[in-house]
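Coordinate analysis (summary)
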Amino acid sequence: MKREIYDKMAAKALAYYEKAGIALTDEEKKNLEVADFGLEDVETTGLELVVYINCDHYCAKEMVLLPHQTCPEHMHVTVGSQQGKQETFRCRYGKVYLYTDGEADGDPSVTPPEGVYTVFHETVLTPGEQFTIYPGTKHWFAAGDEGAVVSEFSTHSDDATDIFSDPRIKRLPEIEED
């Protein structure tokens, strides 16, 4: 992803945190991550996030999804002695469409972008609602028309061990300086 695009997406995310009343320090703003998942189409498949803390026992993050932006299907598995991540998503702003393993409830509200999407049990989160995802559960999520801000509370996060359904996905961003 080009630095210009990264900076543009970071600025958009900061505006969403402000809309949601999420106060960030200058250091947190500086460390905001823009994830394009290696697909070079961050406005469709992407995520903007701030990690407050990630230690051996727990992790806390704030995530922004721009309107209709999707975080691709993945799961958090056990690797060695490290248990797969358990995470609770709490919607702070907008609407989040969360898809997990389980029987689909009919036609999904969101049509996923190009890629590999296999789970369609839909849970819709609005501000103040939350949902817990257990280790080994395939999931993906997308924002509604106005975008979304989501707090994530989880066990230790090791993004390098996330298993994505789409083999093209690269979790960590590669930034191309101008």
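Since the structure is predicted, the reported quantities are computational estimates derived from the model, not experimental observations.

So, on to the packing of aromatic side chains. Inspection of every chain in the model, using the stated rule, returns seven aromatic pairs. Ring geometry for F89 versus F141: centroids 4.9 Å apart, planes at 65°, classification edge-to-face. Placement of F89 in strand β5 (residues 87–100) and of F141 in strand β8 (residues 139–154) is noted, with a sequence separation of 52 residues between them. Note on accessibility: F89 and F141 belong to one class, buried.

This model, assessed by the stated rule, comprises nine salt bridges. The shortest N-O distance in the salt bridge between K8 and E43 comes to 3.1 Å. Pair noted here: K8 is in helix α1 (residues 3–19) and E43 is in the loop between β1 (33–35) and β2 (47–54), with a separation of 35 residues, a long-range link. Ionic pairing is found between K85 and E152, a salt bridge with its closest N-O pair at 3.0 Å. Of the two residues, K85 sits in the loop between β4 (70–76) and β5 while E152 sits in strand β8, which places them 67 residues apart along the sequence. Judged by its relative accessible area of 6%, K85 is buried. Through salt bridges that share partners, R3, D7 and E177 make up one connected network.

Turning our eyes to something else, we now look at unusual backbone geometry. For F37, which is not glycine, the phi torsion reads 55° and is therefore positive. With respect to the helices and strands, the residue F37 is situated in the loop between β1 and β2. Looking at F37, the relative accessible area reads 2%, which means it is buried. The backbone of E40 shows a phi angle near 60°, a positive value even though the residue is not glycine.

What follows covers the side chain of D36. Tracing the backbone through its elements, the reader meets D36 in the loop between β1 and β2. Judged by its relative accessible area of 3%, D36 falls in the buried class. Within the local environment of D36, its side chain forms a polar contact with the backbone nitrogen of G38, the two atoms lying 2.9 Å apart. The residues contacting D36, other than those within four sequence positions of it, are M1, V42 and T45.

We now examine the side chain of E122. Considering the arrangement of structural elements, one finds E122 in strand β6 (residues 121–125). Reaching out from E122, the side chain makes a polar contact with the side chain of Y99 at a distance of 2.4 Å. Residues contacting E122, with those up to four places away along its chain left out, are Y97, L98, Y99, D105, P108, S109 and V110.

Attention now moves to empty space enclosed by the protein. Enumeration over the complete set of coordinates arrives at two cavities of 30 Å³ or more. For the largest cavity, the calculated volume is near 130 Å³. L47, H74, D159, D162 and R171 are the residues nearest the centre of the largest cavity, which is lined by 17 residues in total. Looking at the lining of the largest cavity, the elements that each hand over two or more residues are β2, β3 (59–65), β4, β5, β8 and β9 (162–164). In terms of residue count, β4 provides more of the lining of the largest cavity than any other element does, three residues in total.

As a further point, take the nonpolar core. Counting 19 residues, the largest nonpolar core has F37, L47, M63, F89, V96 and F141 as the members making the most contacts within it. Discounting chain neighbours no more than four positions away, the residues touching L47 are E33, V34, A35, F37, M63, V64, L65, Q69, C71 and F141. M9, V34, V50 and V64 belong to the second-largest nonpolar core, a separate cluster that totals 17 residues.

What counts and what doesn't
- Residues numbered from 1 in each chain as written.
- Predicted model: local features only at pLDDT ≥ 70, side-chain atom pairs only at ≥ 80, totals over all residues.
- Heavy atoms only, no water.
- Phe/Tyr/Trp six-rings, centres within 6.5 Å; stacked < 30°, edge-to-face > 60°.
- Helix = DSSP H or I, 4+ residues; strand = E, 2+ residues; numbered from the N terminus.
- Buried < 20%, exposed > 50% of the residue type's maximum accessible area, 1.4 Å probe, protein only.
- Salt bridge = Lys/Arg side-chain N within 4 Å of Asp/Glu carboxyl O.
- Polar contact = N/O pair within 3.5 Å; in protein donor to acceptor, adjacent residues only side chain to side chain.
- Contact = heavy atoms within 4.5 Å.
- 1 Å grid on protein atoms, 1.4 Å probe; cavity = no way out; pocket = protein on both sides within 12 Å on 5 of 7 lines; lining within 4 Å.
- Points joined across faces, edges and corners; volume = space filled by probe spheres on them.
- Core = buried A, V, L, I, M, F, W, Y, C linked by side-chain atoms within 4.5 Å.

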